[in-house]
Amino acid sequence: MAKDPVRVLVTGAAGQIGYALVPMIARGVMLGPDQPVILHMLDIEPVAEALNGVKMELIDAAFPLLRGVVATTDAIEACKGVDIAIMVGGFPRKEGMERKDVMSKNVSIYKAQASALEQHASPNCKVLVVANPANTNALILKAFAPSIPEKNITCLTRLDHNRALGQISERLQVHVGDVKNVIIWGNHSSTQYPDVNHATVGTSAGLKPVKELVGDDNWLNTEFIATVQQRGAAIIKARKLSSALSAASSACDHIHDWVLGTPKGTWVSMGVYSDGSYGIQPGLIYSFPVTCEKGEWKIVQGLKIDGFSRGKMDATAKELMEEKSLAYSCLN
């Protein structure tokens, strides 16, 4: 029996990340090779023509899984009946802009889009926020879409997770698929904490701890962390554009694992609603290690946290609390 198509919304679809992301979804990278999709693409009025160009290309690519394309500048039309919403659209920080200015622009965007999702999306819609500040945008969305279950609102830290896997794989000269269970704690910002204390590498002699194989705690606690934290900025410097390809790919990974499940014995990093695990204040959207099964995520429990990690985890939580109060001050 052929599956019913899943409706997937991508906001900011005419932008760089959107342009990289929509063909991946249409090709089955996100939801699997036998899952038909209907793509809903939303963007702002000034880029309506470019958005229509993306629609034309999607049609021209003749993707067998693509059962329809909605391209619109109307949030209500875009959100109608969607099962998955990937929120890529946001207001980017421009030179000379204060953090509060960016925050207030994004607060108003996310307030409006949350209301449209609340009223028109499918009741069990899964939401992934990509646009920065991702954790706090997700929090605003949650506040204005109260009927979407809190467990269904997440933000993207899989990009940082994948970056950490990539750095370890390069350092150890091993296949990236053999490295697993790194963790990104906290905010998708330069305070995030990439943690390899529980990470392993599959070798011919079985699983080995990353820390043991690297054998250089100084590198792991300084250069490795800084490289992952600053990777986005390094790519902008090199490409003169932001990391669109890797962001799109990791958004696919995030939804793929959330919907279809994580492999046994493997966890991934997702920005999710804190329930107080690991002493993180409830009510923040914070990145934790999670496992997924049957469309549900669960925070990995019982990991030992050393003093160094505790300090890093608390620092990024503190930044998130500051962002939260800044966002709420923009609402008033």
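Below is a short write-up of the structure. (Residues numbered from 1 in each chain as written. Predicted model: local features only at pLDDT ≥ 70, side-chain atom pairs only at ≥ 80, totals over all residues. Heavy atoms only, no water.)

## Regarding helix H1 (residues 16-27)
For clarity, the threshold we go by: To sort residues, take the accessible area from a 1.4 Å probe on protein chains only and compare it with the maximum for the residue type: under 20% means buried, over 50% means exposed, and anything in between is partly exposed. Secondary structure elements are taken from DSSP: a helix is a run of H or I of four residues or more, a strand is a run of E of two residues or more, and numbering for both begins at the N terminus. Note on contacts: a residue pair qualifies if any of its non-hydrogen atoms lie within 4.5 Å across the two residues.
The set of residues buried in H1 consists of Ile-17, Gly-18, Ala-20, Leu-21, Val-22, Met-24, Ile-25 and Ala-26. Check the buried side of H1 and you find it contacts strand S1 (6-11), strand S2 (37-42), helix H2 (48-60), strand S3 (66-72), strand S4 (84-87) and helix H10 (244-260).

## Some words on the nonpolar core
This is how it is decided: Side-chain atoms within 4.5 Å link the members of a nonpolar core, which is a set of buried Ala, Val, Leu, Ile, Met, Phe, Trp, Tyr and Cys residues.
Leu-21, Leu-58 and Ile-86 are the most contacted members of the largest nonpolar core, which totals 74 residues. In this structure Ile-86 touches Val-8, Leu-9, Val-10, Thr-11, Leu-21, Ile-25, Met-30, Leu-128, Val-130 and Ile-255, once residues within four positions along its chain are discounted. Listed in part, the 31 residues of the second largest apolar core include Ala-85, Ala-116, Cys-125 and Cys-155.

## Considerations on the sheet that holds strand S11 (residues 206-209)
Convention followed: In this scheme, strands are said to pair when DSSP sees at least two bridges between them.
Across the sheet, which stays open at both edges, the three strands sit in the order S7-S10-S11 with antiparallel pairing between neighbours. Only two strands of the sheet have a single partner each, and these edge strands are strand S7 (179-180) and S11. As paired elements, S7 and strand S10 (residues 200-203) share two bridges and run antiparallel to each other. Counted as the bridge partner of Val-179 is Val-201 from S10.

## Quick look at the packing of aromatic side chains
Where we set the bar: Each Phe, Tyr or Trp ring, with Trp reduced to its six-membered ring, pairs with another whose centre is within 6.5 Å; inter-plane angles below 30 degrees give stacked pairs, above 60 give edge-to-face pairs, and intermediate values give tilted ones.
Per the counting criterion, the structure on display carries five aromatic pairs. Seen from their ring centres, Tyr-193 and Phe-308 are 6.1 Å apart, and the 75° between their planes marks the pair as edge-to-face. You can see Tyr-193 sitting in strand S9 (residues 193-195) and its partner Phe-308 sitting in helix H11 (residues 307-331), a full 115 residues away along the chain. Between Tyr-286 and Phe-288, the aromatic rings sit 5.0 Å apart at their centres with planes inclined by 50°, giving tilted as the arrangement. A relative accessible area of 0% means that Phe-288 is categorised as buried.

## Thoughts on the packing of helix H5 (residues 134-144) against H11
Note the following rule: An axis is simply a line fitted to the C-alpha atoms; with a helix, the fit covers only the stretch in contact. Between two such axes, the angle follows the N-to-C directions and lies from 0 to 180 degrees. Convention used here: angles under 35 degrees read as roughly parallel, angles over 145 as roughly antiparallel, angles from 65 to 115 as roughly perpendicular, and any remaining angle as oblique. Whether a crossing is left-handed or right-handed is set by the direction in which the near helix is turned from the far one by less than a right angle, anticlockwise for left-handed and clockwise for right-handed. Classification used: nonpolar for Ala, Val, Leu, Ile, Met, Phe, Trp, Tyr, Cys and Pro, charged for Asp, Glu, Lys and Arg, polar for all others including Gly.
Running from amino to carboxyl end, H5 crosses H11 at an angle of 50°, the nearest separation of the two axes being 10 Å. Taken together, the axes of H5 and H11 lie oblique to each other. Crossing hand, H5 versus H11: right-handed. Contacts between H5 and H11 involve Asn-135, Thr-136, Leu-139, Ile-140, Ala-143 and Phe-144 from the former and Leu-320, Glu-323, Lys-324, Ala-327, Tyr-328 and Leu-331 from the latter. For the contact of H5 with H11, the per-class residue count stands at eight nonpolar, two polar and two charged.

## A short note on unusual backbone geometry
Backbone torsion omega between Asn-132 and Pro-133 reads -5°, so that peptide bond is classified as cis. You can see Pro-133 is positioned in the loop between strand S5 (126-129) and H5. Non-glycine residue Ala-62 carries a positive phi angle of around 50°. Mapped onto the secondary structure, Ala-62 falls in the loop between H2 and S3. For Ala-62, a relative accessible area of 58% corresponds to the exposed category. Even without a glycine there, the phi angle at Lys-240 is positive, about 60°. Among the secondary structure elements, Lys-240 is positioned in the loop between helix H9 (223-239) and H10.

## Points about the packing of helix H6 (residues 158-172) against H9
Where H6 meets H9, the closest approach of the two axes is 10 Å, and the angle between their N-to-C directions is 115°. Once H6 is placed against H9, the crossing between them reads as right-handed. On H9, the residues touching Asp-160, Arg-163, Ala-164, Gln-167 and Ile-168 of H6 are Phe-224, Thr-227, Val-228, Arg-231, Gly-232 and Ile-235. Taken together, the residues of the contact of H6 with H9 sort by class into five nonpolar, three polar and three charged.

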